[in-house]
Amino acid sequence: MIPEPTSMSIEPGRSFQVTARTSVVVDGSEEALAIGEYLAELLRPATGYAVPTSRFNETPAAHAIMLRITDDDGSFGPEAYRLDVTPGMVLLQAATAQGLFHGVQTLRQLLPAQVEADSVQSGPWRIPGVHVVDQPRYAWRAAMLDPARHFLTVAEVKRYIELLALYKMNTLHLHLADDQGWRIQIDSWPRLATYGGSTEVGGGPGGYYTKDDYREIVAYAAKHQITVVPEIDMPGHTNAALASYAELNCNGVAPKLYTGTGVGFSSLCIDKPITYQFIDDVIRELAAMTPGSYLHIGGDEAHVTPHDDYVRFIDRVEDIVNRHGKTMIGWEEISAADTAPPTVAQYWSTPAEAKAAADKGMEVIMSPAQKAYLDMKYDPSTPLGLSWAGYTDVRDGYEWDPGSFVTGLDESKIRGVEAPLWGETIEDIDDVEFMTFPRIPGVAERGWSTAAGRSWDEYRLRLGAHGPRWDLMSVNYYRSPQVPWGEPAPVAVATDDQVLYEPDGSARVTVTVTNRSTGSLSDLAVALAVPDSSEVQPAVRHLEVLPAGQTQQLTFDISFAQAGARAAESATTVTWQAPVPGDVRLRSPLRLSCAEDATSPVAVTYADSQETVGENGAATNTIDGDPNTIWHTQWRDSSPGYPHEIQVDLGAASSVCAFRYLPRQNGVNGTVDRYEVYLSADGHTWGQPIASGRFGTTGQGEKWVPLPETGARYVRFVALSEINGRPWAAAAEISADMR
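For clarity, every value in this text was computed on a predicted model and none was experimentally measured. (Residues numbered from 1 in each chain as written. Predicted model: local features only at pLDDT ≥ 70, side-chain atom pairs only at ≥ 80, totals over all residues. Heavy atoms only, no water.)

## What about the overall build of the chain?
At step 1: Counting secondary structure elements, the chain contains 15 helices and 35 strands.
At step 2: Against the 2.2 N^0.38 benchmark of 27 Å for 739 residues, the chain shows a C-alpha radius of gyration of 28 Å, consistent with a compact globule.
At step 3: Principal-axis analysis of the C-alpha atoms gives the chain an extent of 95 × 70 × 50 Å.
At step 4: Excluding contacts between residues fewer than 6 apart, the proportion of contacts in the chain whose partners are at least 24 apart in sequence is 72%.
At step 5: For the chain, the computed accessible surface area is about 28100 Å², with 49% contributed by carbon and sulfur atoms.
At step 6: In the chain, 57 side chains carry a positive charge and 95 a negative one; their mean positions are 3 Å apart. (Helix = DSSP H or I, 4+ residues; strand = E, 2+ residues; numbered from the N terminus. Rg over C-alpha atoms; globule rule 2.2 N^0.38 Å. Contact = heavy atoms within 4.5 Å. Areas by Shrake-Rupley, 256 points an atom, 1.4 Å probe, with all protein chains shown as cover. Lys, Arg positive; Asp, Glu negative; His and termini not counted. Charge placed at Lys NZ, Arg CZ, Asp CG, Glu CD.)

The structure is reproduced here in structure tokens:
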């Protein structure tokens, strides 16, 4: 059970079995009746039973699941419920529809995982005899989506709502505007959506929600007892708005639309009256279509807004939000202004700002980046996400307590927890699910369950039992090695991560499919897609049968308009029809290279600087094959500063098509950001850089830079800046792909 209930006692031998006679009976409001129908809709596909719903008519129905709104003794909190399962009846009681809905999720988790299937399963459908009394620790249990960086469709947002509901989350924070895109229709400023929403990170087409789209999301969330909180970030993170309307800029000139991932460079013009007319219009329209009590105004990373201007701005915006009948939420930085309750601050990085907000009497939402940010990579090999706050594996994301995380922050001021998923690398719902699961259930438990008695060793077993449920729900979750997953997915899929390209632009990719179940699977279809390719042949391969324990390798020919090294991505889907229909999906990075693996240099021919005191600093460490040793430019006395460079000899002349840089693995100092790569046949004549760019703050994994295939023997790596702006450069290993 996740989250762990406040109190649950099991009564052996007293289980209730869902059969063809079972019905759902509701005693309560129309909203309660809708929850009863929701439960029946969950049960019907897998059981194959009719599961009728009806109102209570004074005579208890035999073999029924009864949902009742009541608070006769005043013991129920607003989200609390009580569940009693006996052989003759299931009785679920709560004082509110919220509590009733949460109880349904407990009932759902007590049923076999097969209840999540969308086709008839064999059963039996036993619910163990239990007595549960349950209520949440915190009133705010939220997740955040960021469609501003990469647009997410209405259907994708609704899918996420469905998944959050299973774990009793009650708030969805939607980050609707940032530098890269404006995602909500505002009638009084129409270009915000039509122009400001026309792109996204990487230059894609973007998109925006019409008012009807937004209302559909809000209504669907309400059906799942989830409140939508919209965010319009300001005064920073506003390039999309500034690009849409020149008059919002201090100089009256609209900047270009932005498709990168930088932060902190934009700001509304604090002293222009039109700025506050703009904000009033946006807040007015957004408040009118948002039934919830809260509007989020961002307020973070306003690096180019002077402090005094920032304070004046936040104070005026707080008044605007309040005037339109809403309570303001802002990131922790708003504590610098003269904000006051009921305004809420959201902690993400700086404990002092969280405490400053609490000292003003404000409540604080806990979202520590190193624990709750779902866009942080699980480990260096994670293909999505960032790592500026560190790597957050499943255990890290669970082992923290919101009530004591910030020393000196009074727990009575903690509103609850929230898990943001920033969208720089998140392009669709598959990406959302991969970075969210299996971490979001842990955040949900930290928000719902009491702190006492929580143990990773115990929790990981409960979490692993949810794997089969997610498999049946087609959740694209990360199968963390930290978790002993329950029954494995029947099919394991592996796809080549690096393949050789031919002169005509073609390549061959192998997909390996393994039947891990105890019986044969039949009517399998294996589909491969490579989004950047011009063709995949065949698009689908079929297998009539795959016996238990057997592995089959299938090849696909892909082609590109131009030959050459490139970083791509593959998406593999395997479906089967018998004995039970199912599917498995896999997204993997795919490198097209002129070599199957890297070539390590044989010598370092030049380094502009190296730390020679101690063993860990010499330039030769970049070619020793040991990722734990590093080249580090001089730092003990003084550093010569950027640029830095190192030159290596590959041992023989050949065609080079890619460069590899592995940052230091034991820290971040010296991790290169901006770079140039040069090739030479003689080690003296370099010419122009063959590649240049930025690695950014994408973690400590290997950086693979595709190059135009060029005959060379020597490589020159020039580091132009470090991720934290310090004067040093460092590398664990340097190598190249060559024929």
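After presenting the structure, the write-up continues.
## Focus: helix α1 (residues 30-47)
At step 1: Its 18 residues place the ends of α1 26 Å apart at the C-alpha level, agreeing with the 26 Å of an ideal helix rising 1.5 Å per residue.
At step 2: Along α1, the residues that are buried comprise A32, I35, G36, Y38, L39, A40, L42, L43, A46 and T47.
At step 3: Buried positions along α1 lie against β3 (23-27), β4 (53-55), β5 (64-69), α2 (97-110) and β8 (125-127).
At step 4: Looking one or two residues past α1, G48 carries a phi angle of roughly 80°, positive in sign. (Expected span 1.5 Å × (residues − 1). Buried < 20%, exposed > 50% of the residue type's maximum accessible area, 1.4 Å probe, protein only.)

## Examining the packing of helix α3 (residues 154-165) against helix α5 (residues 211-223)
At step 1: Relative to each other, α3 and α5 sit at 15°, their axes nearing to 10 Å. Between α3 and α5, the angle is such that the two are roughly parallel. When the axes of α3 and α5 are compared, the crossing they make is right-handed. Contacts from V154, V157, K158, I161 and E162 in α3 reach D213, E216, I217, Y220 and A221 in α5.
At step 2: Of the residues that constitute the contact of α3 with α5, the class distribution is six nonpolar, no polar and four charged. (Axes fitted to C-alpha atoms, helices over the stretch in contact; angles between N-to-C directions. Parallel < 35°, antiparallel > 145°, perpendicular 65-115°, else oblique. Left-handed = near helix turned anticlockwise from the far one by under 90°. Nonpolar A, V, L, I, M, F, W, Y, C, P; charged D, E, K, R; others polar.)

## Section: the state of the cysteines
At step 1: Under the criterion given, the structure shown has two disulfides.
At step 2: Residue C250 pairs covalently with C269 via a disulfide, S to S 2.1 Å. Residues C250 and C269 share a disulfide whose torsion about the S-S bond is about 110°; that sign makes it right-handed. Taken as a pair, C250 in the loop between α6 (239-244) and α7 (273-288) and C269 in the loop between α6 and α7 lie far apart in primary sequence, 19 residues in all.
At step 3: The class for C269 is buried, based on a relative accessible area of 7%.
At step 4: Of note for the chain: the bonded cysteines, numbered N- to C-terminal, pair according to 1-2, 3-4. (Disulfide = S-S within 2.5 Å.)

## Observations concerning the pattern of salt bridges
Close approach of charged atoms lets side chains of opposite charge pair.
At step 1: Going through the model one piece at a time under the given rule, you end up with 34 salt bridges.
At step 2: Of the charged contacts, one joins D737 and R660 as a salt bridge, the two residues approaching to 2.7 Å between their closest N and O atoms. Remark: R660 occurs in strand β30 (residues 644-662) and D737 occurs in strand β35 (residues 733-738); sequence separation between them is 77 residues. As far as the burial class goes, D737 and R660 line up, both buried.
At step 3: Beyond isolated ion pairs, a larger network of salt bridges with shared partners links E4, E445, R454, E458 and R462. (Salt bridge = Lys/Arg side-chain N within 4 Å of Asp/Glu carboxyl O.)

## Regarding the pairing of β3
At step 1: With respect to burial, β3 is a largely interior element, four of its five residues being buried.
At step 2: Pairing of β3 with β5 involves five bridges; the strand directions are parallel. Paired with D27 across the strands is R68, a residue of β5.
At step 3: Of the pairings in the sheet, the one linking β3 to β4 comprises three bridges and is parallel in character. Bridged to V24 within β4 is T53.
At step 4: The handedness of the β3 to β4 crossover, carried by α1, is right-handed. (Pairing = 2+ DSSP bridges. Right-handed = clockwise from strand over helix to strand, strands pointing away.)

## Observations regarding the packing of α7 against helix α8 (residues 307-323)
When two helices pack together, their arrangement is captured by the angle between the axes and the distance separating the axes.
At step 1: α8 packs onto α7 with a crossing angle of 35° between their chain directions and a minimal axis gap of 10 Å. As for the relative orientation of α7 and α8, their crossing is right-handed in sense. Across the interface between the two elements, T275, Y276, I279, D280 and I283 from α7 touch F313, R316, V317, I320, V321 and R323 from α8.
At step 2: Looking at side-chain class alone, the contact of α7 with α8 contains seven nonpolar, one polar and three charged residues.

## Some words on the sheet that holds strand β21 (residues 506-515)
Backbone hydrogen bonds hold the strands of a sheet together, and the pairing may be parallel or antiparallel.
At step 1: Ordered by their spatial adjacency, four strands build an open sheet running β19-β21-β25-β23, and the pairing between neighbours is antiparallel. This sheet does not close on itself; its edge strands, each paired only once, are β19 (491-495) and β23 (535-537). Looking at each pair of strands side by side, their axes are set apart by 25° on average, direction ignored.
At step 2: In the sheet, β23 pairs with strand β25 (residues 551-559) via three bridges, with the strands oriented antiparallel. Residue V536 lies in a different strand from β25, and its bridge partner there is I558.

## With respect to the packing of aromatic side chains
At step 1: As enumerated under the stated definition, the model contains 30 aromatic pairs in all.
At step 2: Between Y378 and F434 the ring centres are 6.1 Å apart and the planes differ by 85°, which places this aromatic pair in the edge-to-face class. With Y378 in the loop between α10 (369-372) and α11 (394-398) and F434 in helix α12 (residues 429-436), the pair connects residues that are 56 residues apart, well separated along the chain. The same class applies to Y378 as to F434, namely buried.
At step 3: Geometrically, the ring pair formed by W456 and Y459 is tilted, given 6.2 Å between the ring centres and 45° between the ring planes. (Phe/Tyr/Trp six-rings, centres within 6.5 Å; stacked < 30°, edge-to-face > 60°.)

## Looking at the side chain of T238
At step 1: Relative to the elements of secondary structure, T238 occurs in the loop between β13 (227-234) and α6.
At step 2: A relative accessible area of 5% means that T238 is categorised as buried.
At step 3: Not counting residues within four places of it along the chain, the set of residues in contact with T238 comprises D179, D233, S266, S267 and L268.

## Considering the environment of R415
At step 1: The residue R415 is located in strand β18 (residues 414-421) in this model.
At step 2: Along the sequence, R415 and E363 sit 52 residues apart, while their C-alpha atoms lie 5.5 Å from each other.
At step 3: Setting aside chain neighbours within four positions, we find R415 in contact with Y138, A139, W140, Y294, E363, V364 and I365.

## Concerning unusual backbone geometry
At step 1: Geometrically, the link from Q537 to P538 is a cis peptide bond, its omega value of -15° lying close to zero.
At step 2: Structurally, P538 can be placed in the loop between β23 and β24 (540-546).
At step 3: Cis geometry marks the peptide bond from Y642 to P643; its omega dihedral reads 0°.
At step 4: For P643, the position within the fold is in the loop between β29 (631-632) and β30.
At step 5: In this structure, Q225 takes a positive phi of about 55° despite not being glycine.
At step 6: The topology assignment puts Q225 in the loop between α5 and β13.
At step 7: Judged by its relative accessible area of 9%, Q225 falls in the buried class.
At step 8: Backbone geometry at H237 places phi at a positive 55°, although glycine is not the residue there.
At step 9: Inspection of the secondary structure assignment puts H237 in the loop between β13 and α6.

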